[in-house]
Amino acid sequence: GAVVSQHPSWVICKSGTSVKIECRSLDFQATTMFWYRQFPKQSLMLMATSNEGSKATYEQGVEKDKFLINHASLTLSTLTVTSAHPEDSSFYICSAGRQTGANVLTFGAGSRLTVL
Amino acid sequence: TQLLEQSPQFLSIQEGENLTVYCNSSSVFSSLQWYRQEPGEGPVLLVTVVTGGEVKKLKRLTFQFGDARKDSSLHITAAQPGDTGLYLCAGANGGYQKVTFGIGTKLQVIP
């Protein structure tokens, strides 16, 4: 089955630093990946759509200069949280859509970010 | 903006009981998915329904897509402690493009 790997699973950083989270599709190619943020006891909120070889599409209210997304290959998308602040602490989850098959998304296990 | 409302948001039941979770929207979706999410992990797809009125069964779980493709339900028969988790419905229109998630139903099954 399709597998999406996220790394790191959890990260703690100091306020003001930048953190990069990787999302890899291990056994399939993904031209499109999605990044979500999930706060405690809340649902997943789509942050942006990551498109291989082009700029990401951000949802309303998401700062593109703060959440940098790069999708340089068909199997890797990265999310960089720049100048992180405590309010950026959250569970970040990526998903990837397979090129074949209708409407099938595979989710990564998520990355827990804690900004001190 | 397409919104999905889930109810109930929290449910605590005894092992062996039945339960139904509802997912409603004023918008039409081409497909609707149900996921289960464990704490600290990503959502895992349970089922996708695409046809209005469609019913799918996955062991003790029964999923139904409304005739108008605006709502869905998840029924669990004889709930087990292993069913404990966050159940999310998600609607999509076309391909695997943007999926809108409901707020989720947190289910706890007490042994």
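Note: the structure precedes this text.
Presented here is a report on the structure given in the accompanying data block. All values reported here derive from a predicted model rather than from experimental measurement.

## Digging into the interface of chain B and chain A
Then, number 1: In this complex, chain B contributes 21 residues to the contact, which on the side of chain A involves 23 residues.
Then, number 2: Linking chain B with chain A are zero salt bridges.
Then, number 3: Connecting chain B to chain A are three residue pairs in polar contact (both at pLDDT 80 or more).
Then, number 4: Of all the secondary structure elements, the ones that give two or more residues to the side of chain B that touches chain A are β4 (31-37), β9 (85-92) and β10 (99-101) of chain B.
Then, number 5: When residues of the side of chain B that touches chain A are assigned to their parent elements, the largest contribution, four residues, is made by β4(B).
Then, number 6: Within the side of chain B that touches chain A, the residues separate by chemical class into nine nonpolar, 10 polar and two charged.

## Here's the deal with the state of the cysteines
Then, number 1: Across all of its chains, the model carries two disulfides over all chains by this definition.
Then, number 2: Between A:C23 and A:C94 runs a disulfide, and the two sulfur atoms are separated by 2.0 Å. Measuring the twist about the S-S bond at about 80°, one finds the A:C23-A:C94 disulfide to be right-handed. Highlighted residues: A:C23 in strand β3 (residues 19-25) and A:C94 in strand β9 (residues 90-97), separated in sequence by 71 residues. An identical accessibility class is assigned to A:C23 and A:C94; each is buried.
Then, number 3: The residue that forms a disulfide with B:C23 is B:C89, at a sulfur-sulfur distance of 2.0 Å. Every disulfide takes its handedness from the sign of the S-S torsion; for B:C23 and B:C89 that torsion is 75°, giving right-handed. Here B:C23, found in strand β3 (residues 19-24), pairs with B:C89, found in strand β9; they are 66 residues apart in sequence, far enough to count as distant.
Then, number 4: Under the relative-accessibility criterion, B:C89 is labelled buried at 0%.
Then, number 5: Of all cysteine sulfurs, the one in A:C94 lies closest to A:C13, which takes part in no disulfide; the gap is 18 Å.
Then, number 6: Using a relative accessible area of 10% as the deciding quantity, one classes A:C13 as buried.

What counts and what doesn't
- Residues numbered from 1 in each chain as written.
- Chains lettered and ligands numbered in written order.
- Predicted model: local features only at pLDDT ≥ 70, side-chain atom pairs only at ≥ 80, totals over all residues.
- Heavy atoms only, no water.
- Contact = heavy atoms within 4.5 Å.
- Salt bridge = Lys/Arg side-chain N within 4 Å of Asp/Glu carboxyl O.
- Polar contact = N/O pair within 3.5 Å; in protein donor to acceptor, adjacent residues only side chain to side chain.
- Helix = DSSP H or I, 4+ residues; strand = E, 2+ residues; numbered from the N terminus.
- Nonpolar A, V, L, I, M, F, W, Y, C, P; charged D, E, K, R; others polar.
- Disulfide = S-S within 2.5 Å.
- Buried < 20%, exposed > 50% of the residue type's maximum accessible area, 1.4 Å probe, protein only.

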